[in-house]
Structures are given as structure tokens and as C-alpha cells.
Amino acid sequence: MQNTKKIPEFSRCESTKYEYKKSSYAEIYDVLQSLRKDEILCDIKIEIDDGGVIFGHKVVLASASPYFHAMFTNFSEKNQDLVLIKELDSSALRLLIDFVYSGEISITEKNVQCLLPASNLLQLQEVKNACFDFLQAQLWPTNVIGINALADLHGSMQLLTSSELYIQQLFSDVVEGDEFLSFSSELMVKLISSDELTAPSEEKVCNVFEIVIRWVKHDLDSRKQILPQLMEHVRLPLISKDYILKNIVDEPLLINCSKCKDYVFEALRFHLIKPDKLITIPHNIRTKARQSGGTHKVIFAVGGLGYDHILNTTEWYDPKINQWQPGPKMFLPLEAPGLAVANDNCVFLMGGNSGQNSETSKLVHWLDLSSESPHWRPTNNMLVKRQDFGVGVIDNHIYAIGGADHDRNYLNSAEAFDCRTQKWQMLASMSTRRFAVGIGVLNNLLYAVGGSDSKNKLSSVECYHPGLDKWTTIADMCVSRNGVGVGVLNGVLYAVGGGDGHNVHRSVEAYQPSIGVWTTIPEMHLCRCDPGVAVLDGLLYVIGGYDGTFILDSVEFYNPNTNTWSMVTAPMNDARFGGRAVAIDMPRYLKNC
């Protein structure tokens, strides 16, 4: 029987259309890579310096590399199926062609110096930038000079600047060996003239004067003309008269240079007239102490749970050099302690879980970062055992809020430590027990955010007024957040990550007291429960934490001006879950810990 059912005609409106865009091209490149490895449909062979041959497709190579694009479209190679590339390291070229097909490459200390010139020639800027990011994260006193030279050679201004800052800040460590003798004249002058140079005190061996003399003598013929320019910036008047008379006045390089002799006489005259208050002491660059140390802030991270053990390590991050450095070890391993900083250089470490001693969760130690040998010192214990509690600082008072005791009893109690009297006192209790609570200080009020009351993960928030010794509830967050990170930036309270008992959040909420409600902002790159949070240079840093599967060593920051999150390219030395972080003034002696 004939089917007489009519199919309705589609509208023939010219403007009607449906656009579909493929979401991923990964499978296409997988096929291309497979074809290349099987030498199928390949129309180019590249002979390399080790005698090997790399097969490829001209169109694929030309689409990724301007170098190959020019080769296969404008030059004689466009009609050839075999080309020789002998000027590049063969292993680097293999890795880069693999990258063209896969979008993946492994950069290591062994191959980075070969990958940089090769990626530069092939104009693979992504790989070149990745090499710079790798080198940035590898900065260390023993390799920074080589990295600085690579940055200069390959034109990375960011890496060049950060490596120079690194040399300035760890100058004493960098010049311990002989590598600094290879400094260029330009770099040596820039370093010695910098007020930010972190140099040994003038009486120690290998002070700035001795470093200058060593560097000049290493290549005397070409460097002796630079000596007056260097000595202009050596703080000779700040060296003791005895040291000058014993070690400087008879130095042959200075005796034979009239300008340098003037600087020595100036230093001696400075000591001669210094006690006489009626005579004006000349002020110039040589009589001005360097301002290294304490001139900017860094992030200080402590403790937490590592991959398989509780950590006793600390480390600090300097965004100027994008580098994590080890700090002074704690007196014992601690997970989920309280951490606070007073007067920018006194760090207090409180309570926490050591996995062994129940009394640990009452202990309080402090670290004076202005000391020449920073180490943890005990002070008065808290009145209540606490771990995974919140901490805030207002007017030289450190507040310890909620948490749990060693027997996992969840707490609603609060206490405060007076830094002047060194005594603790109990405060009014919260309305809710809060374990893994986040604390923020805004307008001299404490905000206790989220946590858990043992039965529920909390979205509730309450606020403490120190003058009234009273807690009041404010608006709930949009979601429950146990193990929430809290930070305050530009008058806004941020609740970061945490978990609801089922999922770990990457979401973030913000609260302004003038508005009185929580609003969501862009999500972080990663889910994070119980991270450290610190505010530095107008950015909100979120450090480590747990993503539901792994303990994290990564760090990201929020910029309120752009409303965006960015990853820090340098990972921490230790992955930290339940670690804590604060911003501190960059101390002069922290690097020696």
C-alpha cells in the first residue's frame, strides 16, 4: 500500500541556520600522531644530526610552527620530501615535533637548555614560555646565575628580572661559590648599586667590598676600569674603622686608583667626624644603609598533613621572584594548627594535632622573624585544647575560635591572648559549635564562617564584637562550607572552597557588611578543602588544601580588579592539607633558617 502521509515542508527562511562547533580536536591529533608514527601519508622526512629521521606531515608542521610554514611555502624545501636540520639538538627536535602532534611536552633540568634554542628557532612560543616558567620555579643559589644568563640570551624580561631580584635577596648564598665571578659588568654594577641587596654584615668574611675585589681580580685586565664605578656604591663608611685600616687601606687595587682612594679617605673621615655633633656628616649613597629585608611582604606557610605524614616544615613565598623557600622547622609536626602574625614579624603557632600528644593542642609557640637566628619559643598555653580552629588578630589580641579538642569534641568556645601581658582569657561562646571554621577580621569584628557542628556542615556565619563580648548571627552563605578558607581584602570577606560532606567546592563567596548578603564570584581553578589563605599586595592567595582525591601543592590567587583567578606557576615544596598561611614582612634573616 502506498504511503500517502505528507512530510511538512521546512521553512525556507534564508536567515535560519544552526551552527555547530566541534568542542575538541584532540582525537584528530591522536590520529595524526598515529599516522606519523606508522609513516602513513607522511610527505616530509627530517634528517637530524644523530643520523635519525623524523617523519611528518608538512601541513601539520606548518600549521603549528612559523619556521616550518616558511620552509614549506616560500623556500626550496616546499618541493622536497627530505630536509636536513643539523643545527638543533636531535632529542629536542623530536620532543618539539611530538609536541606539535600531541600538545604535550615534558621539560626537565636535563633538556631545558636544548629546548629553549630549538623552540626559539621553530617559533613555538608556548614551549618557550613553558621553559621560562620551569626555570622560574627552579631558581636556587647554585643555579640562578646560569638561569639569569639563559633569560638574557633568550630574551625573557620576566625571568631576567625575577632572577636578578633573587640574586639581590639571596646575595650572600649566591656568592658563596665561584659562579658569581662570571657576572657581566652590567649585572655586577646593577647589583652592587642596589639598595635592595641582601648582603652580609660589613664585618663578616665575603662582605660586599671583598666580593667586588674578588670579581675584579678574576679578570683584572678587562674589569679594573669598572672598579671606581663599583666602589662608588660600596658602603665603606658603614664598615668599622678597624676593618678599613686592617683590610682596605693597603689593597693595591685601591692604592693605584685615585677615585677609589678618595672613597677610602671619605670613609675614614666619616669615622673621624661622626662623634662630633657640630659637624655635618656628608650624606650620599655610601653613607646610606641598604634597605634589604623587611621592605616587602611574603607569604609564610606552616604545617599541615602531607601525602603520608604530618608536616613539621615551613616555607615562604616571595611573589617578586615567584619562588618558595624553606623556613625554620617547627618544634614538632602539626596538622590544622592556629597561625597568627602580630606586628608583622612575630608569628604565633597554636594548638593543632601532632598525632601523638593530647597536650599538644594547647601549646603556643612564637617565632621572632626579626631575630638573626629565628627559632620557635614557647609562651603561655591556651586554656582549651584546640585543633582545626579559627584564628584572628585585633589590636594585639589573638583570638582562638571553635575547633575540636583532642577527643574530637566540637567546640563553641573562644579565647583571646593579649600579646602585651602574655595571658589568655575566655570569651563569650558562639551560638554554634564549629569545627574546621574559617575566621575573618573586618572592621575590627571577628567573623566565624561555616565549619561543622558534628552533625551538619554549616552555611551559617556569626560575628563577634570585642567591645561587647557578644556574638550575633549574620546572613548564611549560599552553600555549606566545612574546612573553608577565609580572607579579607579591600573591605570584603571571602569564603573559599571547603566541603559540604559530599563534594569539595571550588566555588567562592563574598560578603560586604554594607550589603549584608553573600554573593558568588568566579570559581577557583581547583577544588580546595582546608587550604591556607593569605592576602598579599592586593591579591587573595589560596594555598594547598585537599581536592577530594589529592593533597595539593598548588597555589592560586584572586585579583578583585579583574575578577579572575590565576595559578601560581611555582608549586610549594610540600603539599599541605590543613596547613596555615599568613603574610609577613620579608625578614632579613629568614633565608638563613
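Residues numbered from 1 in each chain as written. Predicted model: local features only at pLDDT ≥ 70, side-chain atom pairs only at ≥ 80, totals over all residues. Heavy atoms only, no water.

This part is about the overall build of the protein. When its secondary structure is counted, the protein shows 16 helices and 27 strands. A principal-axis box enclosing the C-alpha atoms of the protein has dimensions of 120 × 75 × 50 Å. Burial statistics for the protein: of 593 residues in total, 51% are counted as buried. For the protein, long-range pairs separated by at least 24 residues make up 54% of all intrachain contacts whose partners lie at least 6 apart in sequence. In the structure as shown, the protein presents an accessible area of about 28,500 Å², 50% of it carried by carbon and sulfur atoms. Distance between charge centres in the protein, computed from 54 positive and 69 negative side chains, equals 3 Å. (Helix = DSSP H or I, 4+ residues; strand = E, 2+ residues; numbered from the N terminus. Buried < 20%, exposed > 50% of the residue type's maximum accessible area, 1.4 Å probe, protein only. Contact = heavy atoms within 4.5 Å. Areas by Shrake-Rupley, 256 points an atom, 1.4 Å probe, with all protein chains shown as cover. Lys, Arg positive; Asp, Glu negative; His and termini not counted. Charge placed at Lys NZ, Arg CZ, Asp CG, Glu CD.)

With that settled, consider unusual backbone geometry. Backbone geometry places Arg 408, a non-glycine residue, at a positive phi of 65°. Considering the arrangement of structural elements, one finds Arg 408 in the loop between strand S12 (397–401) and strand S13 (414–418). In this structure Arg 408 comes out as partly exposed when scored by relative accessible area, which is 45%. Even without glycine at this site, Ser 454 takes up a positive phi of about 90°. With respect to the helices, strands and loops of the structure, Ser 454 is situated in the loop between strand S16 (445–449) and strand S17 (461–465).

One can find Leu 272 in helix H16 (residues 258–273). In this structure, the C-alpha to C-alpha distance between Leu 272 and Ile 474, residues 202 residues apart in sequence, is 66 Å.

Now for helix H7 (residues 144–154). Residues separated by three or four positions in an α-helix point in the same direction, a consequence of the helix having 3.6 residues per turn. Those residues of H7 that fall on the buried side of the exposure criterion are Val 144, Ile 145, Ile 147, Asn 148, Leu 150, Ala 151 and His 154. Taken together, the buried residues of H7 touch helix H5 (112–122), helix H6 (125–137), helix H8 (157–169), helix H9 (171–174) and helix H10 (185–192). Looking one or two residues beyond H7, the residue adopting positive phi is Gly 155, at roughly 75°.

At a closest axis distance of 10 Å, the pairing of H6 and H8 adopts a crossing angle of 10°. Put simply, H6 runs roughly parallel to H8. Of the residues in H8, those touching H6 at Phe 132, Leu 135 and Gln 136 are Gln 158, Leu 159 and Ser 162. Its residues assigned to classes, the contact of H6 with H8 shows three nonpolar, three polar and no charged. (Axes fitted to C-alpha atoms, helices over the stretch in contact; angles between N-to-C directions. Parallel < 35°, antiparallel > 145°, perpendicular 65-115°, else oblique. Nonpolar A, V, L, I, M, F, W, Y, C, P; charged D, E, K, R; others polar.)

Before going further, it helps to spend a moment on the pattern of salt bridges. Here the structure, examined in full by the defined rule, presents 15 salt bridges. Between Arg 286 and Glu 266 there is a salt bridge; the shortest N-O distance is 2.6 Å. Separated by 20 residues along the polypeptide, Arg 286 in the loop between H16 and strand S4 (297–302) and Glu 266 in helix H16 bring together distant segments of the chain. For the pair formed by Arg 286 and Glu 266, the shared burial category is buried. (Salt bridge = Lys/Arg side-chain N within 4 Å of Asp/Glu carboxyl O.)

Mapped onto this numbering, the UniProt entry gives "domain: BTB" (unreviewed entry) at residues 42–109. Summarising residues 42–109: 43% helix, 19% strand, and an end-to-end C-alpha distance of 33 Å. (UniProt positions renumbered as here; feature names shortened; annotations may be inferred.)

Reading across from one edge, S7-S8-S9-S10 is the order of the four strands in this open sheet, with antiparallel pairing throughout. The open sheet is flanked by strand S7 (338–342) and strand S10 (376–379), the only strands paired with a single partner. Strand-to-strand twist in this sheet, taken as the mean axis angle between neighbours without regard to direction, amounts to 30°. In terms of strand pairing, strand S8 (residues 346–350) meets strand S9 (residues 364–368) through five bridges, oriented antiparallel. Each bridged residue has a counterpart across the sheet, and for Met 350 the counterpart in S9 is Val 364. (Pairing = 2+ DSSP bridges.)

Attention now goes to the packing of aromatic side chains. A complete count under the given rule lists 17 aromatic pairs for this structure. For the cation-ring pair, Arg 36 lies above Tyr 101, with the distance from its terminal atom to the ring centre recorded as 4.9 Å. (Phe/Tyr/Trp six-rings, centres within 6.5 Å; stacked < 30°, edge-to-face > 60°. Lys NZ or Arg CZ within 6 Å of the ring centre and 35° of its normal.)

In terms of burial, S9 is largely enclosed, as five of its five residues are buried. Side chains Val 364, Trp 366 and Asp 368 of S9 all project onto a buried face; the interleaved residues His 365 and Leu 367 project onto the opposite face, where all are buried too. Alignment of S9 against S10, held across four bridges, turns out to be antiparallel. Across the sheet, the residue bridging to Leu 367 is Trp 376, located in S10.

This brings us to the side chain of Gln 33. With respect to the secondary-structure elements, Gln 33 resides in helix H1 (residues 26–37). Apart from the residues within four sequence positions on either side, Gln 33 is in contact with Asp 98, Tyr 101 and Ser 102.

Strand order in the open sheet formed by four strands is S19-S20-S21-S22, with antiparallel pairing between adjacent strands. For this open sheet the edge positions go to strand S19 (485–489) and strand S22 (518–521), each flanked by a neighbour on one side alone. Across the sheet, the axes of successive neighbouring strands diverge by a mean angle of 30°, strand direction being ignored. As paired strands, strand S20 (residues 492–496) and strand S21 (residues 508–511) are joined by four bridges and run antiparallel to one another. In the sheet register, Tyr 494 faces S21, and the bridge partner there is Ala 510.

Between H8 and H10, the least distance of the axes is 10 Å, while the angle of their chain directions is 55°. Taken together, the axes of H8 and H10 lie oblique to each other. Handedness of the crossing formed by H8 with H10: right-handed. Where H8 approaches H10, its residues Glu 164, Ile 167 and Gln 168 are matched on the opposing element by Leu 187, Lys 190 and Leu 191. (Left-handed = near helix turned anticlockwise from the far one by under 90°.)

Another aspect to go through is the state of the cysteines. Counted according to the given criterion, the structure contains zero disulfides. Lacking any disulfide linkage, Cys 131 is separated from the closest cysteine sulfur, that of Cys 114, by 10 Å. Free cysteine: Cys 257, not disulfide-bonded; nearest cysteine sulfur from Cys 260 at 3.1 Å. (Disulfide = S-S within 2.5 Å.)

Relative to the assigned elements, Ala 151 resides in helix H7. Excluding residues within four positions of it along the chain, Ala 151 makes contact with Ser 156, Leu 159 and Leu 160.

As a further point, take the pairing of strand S2 (residues 53–56). Residue alternation in S2 divides its side chains into a buried set, Ile 54 and Gly 56, and an unburied set, Val 53 and Phe 55. Note that strand S1 (residues 44–48) and S2 share four bridges and pair antiparallel. Paired with Ile 46 across the two strands is Ile 54, which belongs to S2. Between S1 and S2, which pair antiparallel in sequence order, lie four residues; one of them, Gly 51, sits at a positive phi of approximately 90°.

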